[in-house]
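# Reading the structure
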Amino acid sequence: MTERDFISQPYSKPVESGTVAWESPSNIALVKYWGKRENQIPENPSVSFTLKNCKTITSLTFSKKESELDFDFEVYLDGEKKDGFKPKIQTFFDRILEYLAFLKNYCFKIETSNTFPHSSGIASSASGISALALCLMSIEKQLNPEIPKEFFNRKASFLARLGSGSACRSIEGGIMVWGKTSAVEGSSDLFAIKYPYKVHENFRSYQDTILLVDKGEKQVSSTVGHNLMHNHPFAKERFRQANQNLEDLKPVLESGDLDTFNRLMEMEALSLHAMMMTSKPYFILMKPNTFKIIRKIWDFKDSTKLPIGFTLDAGANVHVLYPKHQGKTILEFIKNELVAYCENGHYICDEIGFGANQLF
Ligand code: PMV
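Residues numbered from 1 in each chain as written. Predicted model: local features only at pLDDT ≥ 70, side-chain atom pairs only at ≥ 80, totals over all residues. Heavy atoms only, no water.

A word on the domain arrangement of the protein chain. By domain assignment, the protein chain separates into domain 1 (3-196) and domain 2 (206-351). The straight-line distance from the C-alpha centre of domain 1 to that of domain 2 is 26 Å. With 32 residues of domain 1 at the contact, the number on the domain 2 side is 40 residues. Looking only at domain 1, the three residues that lose the most surface to domain 2 are L30, K32 and W34, adding up to 27% of its buried area. On the surface where domain 1 and domain 2 come into contact, there are two salt bridges. At the level of elements, β1 (17-31) and β4 (46-64) are the ones that each hand at least two residues to the side of domain 1 that touches domain 2. The element that contributes the greatest number of residues to the side of domain 1 that touches domain 2 is β4, accounting for eight residues. Residue composition of the side of domain 1 that touches domain 2, by class: 18 nonpolar, 10 polar and four charged. (Domains from an automatic or database assignment. Contact = heavy atoms within 4.5 Å. Buried area = accessible area lost by both parts, 1.4 Å probe. Salt bridge = Lys/Arg side-chain N within 4 Å of Asp/Glu carboxyl O. Helix = DSSP H or I, 4+ residues; strand = E, 2+ residues; numbered from the N terminus. Nonpolar A, V, L, I, M, F, W, Y, C, P; charged D, E, K, R; others polar.)

Now for the pairing of strand β5 (residues 72-77). Sheet analysis places β5 next to strand β7 (residues 106-114), joined by six bridges and oriented parallel. Paired with L77 across the bridge in β7 is T112. Of the pairings in the sheet, the one linking β5 to strand β6 (residues 80-81) comprises two bridges and is antiparallel in character. Pairing of L77 across the sheet is with E80, part of β6. The turn linking β5 back onto β6 is made up of two residues, and D78 within it adopts a positive phi angle of 50 degrees. (Pairing = 2+ DSSP bridges.)

Our focus in this paragraph is the side chain of S26. Considering the arrangement of structural elements, one finds S26 in strand β1. For S26, a relative accessible area of 7% corresponds to the buried category. Those residues in contact with S26 that lie beyond four places of it in its chain are T50, L51, C54, K55, A123, S127 and S170. (Buried < 20%, exposed > 50% of the residue type's maximum accessible area, 1.4 Å probe, protein only.)

Our next topic: the nonpolar core. By size, the foremost hydrophobic cluster in this structure holds 73 residues, and its most contacted members are F49, F93, F108, L136 and F261. Here this core takes nine residues from helix α2 (residues 125-143), the largest share from any one element. Here this core spans two domains, and each of domain 1 (3-196) and domain 2 (206-351) adds at least three residues to it. Excluding residues that lie within four positions of it along the chain, F93 makes contacts with F71, F73, L103, F108, I110, L132 and L136. Grouped together as the second largest cluster of nonpolar side chains are 22 residues, F300, V318, Y322 and F333 included. (Core = buried A, V, L, I, M, F, W, Y, C linked by side-chain atoms within 4.5 Å.)

Moving on, we get to the layout of surface pockets. Estimated volume of the second largest pocket: approximately 290 Å³. When the residues that make up the lining of the second largest pocket are grouped by side-chain class, the tally is six nonpolar, five polar and three charged. (1 Å grid on protein atoms, 1.4 Å probe; cavity = no way out; pocket = protein on both sides within 12 Å on 5 of 7 lines; lining within 4 Å. Points joined across faces, edges and corners; volume = space filled by probe spheres on them.)

Right, let's get into the state of the cysteines. Per the stated rule, a full pass over the model turns up zero disulfides. Left unpaired, C107 is separated from the closest cysteine sulfur, that of C135, by 16 Å. Residue class for C107 comes out partly exposed when judged on its relative accessible area of 25%. (Disulfide = S-S within 2.5 Å.)

By the element assignment, K155 lies in helix α3 (residues 149-163). Of the residues examined, K155 reaches a relative accessible area of 1% and is grouped as buried. A polar contact of 2.6 Å, which involves the side chain of K155, links it to the backbone oxygen of Y99. If we ignore the near neighbours within four places in the chain, the residues touching K155 are F6, I7, S8, Y99, L100, M137 and E140. (Polar contact = N/O pair within 3.5 Å; in protein donor to acceptor, adjacent residues only side chain to side chain.)

Shown next, in the form of structure tokens:
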């Protein structure tokens, strides 16, 4: 498929007004996306677990307007008007206008809320942008009811990507792949697809306990971080490594080999942060407590031989991943030994989920 396939077809049904709503989850990358080309095309493929509990709920009320010159929208977070969110959404609308012919024909009221606290250090862009992309697709479907389900999801992922790269992996569930790789048939730089191969039952209901080490705003945004990969001395090797890790992950997902799974996942997290620490200018997003948690996890793994591993986003928080069948012992360890390193003792229990849901 090419970008052209996502340009709106002529609409077959007039619609004056309405409301649509979706809830869409966050996701956690196992193989990380860090570095992009123009139009949010990733430099390397990535793989993620879709989450279940960390999600954004968005409703979009729309009504036909007279002038088609400009966008017309308002944004509310938890019932409060948020003009501060408008520039980001304006940029998103500018990028997707080419693919959604109706965007300037309606005025919109966007009402959104997150299940996780706003100031938790958890990025809401993946869940927020994917929820909005799905709402927009629901309007397009009202205007063009023939749109098939598979294309609906694909275009929602395509649109979400243009808002925030990793958001394209939040539409569907289980394991998602974004970025062209010969290891995964049907993979694309334009949208994410469901991982199409056999997955071992060890990964069913896989747990992700998110340790909130630092709930503040990130000092360096991911947009800046991606851009620093342009002249990065190790970029080429990093993109090669990500491709290799994705290939290596494939047999692991099939066999359920959790030792290798954890090694690959942790290598990816530390490689991501190594890129940050060696860019120009360099920066560090991990905090002392991030390191203390990692040390504790490794000591616990050494002494118990239990299948526990961690990954990191572009921040200080630690995602602790483990299979459900070991969940009780590992959660006990997390509560007793790791939560003390979280800001105000805060953490979130999440697990692999099934993707976004339409609410109305
Ligand atoms: O989607 P963005 O532009 O916020 O970038 C996300 C980058 C990481 O979260 C660090 C990695 C990933 O693949 O999700």
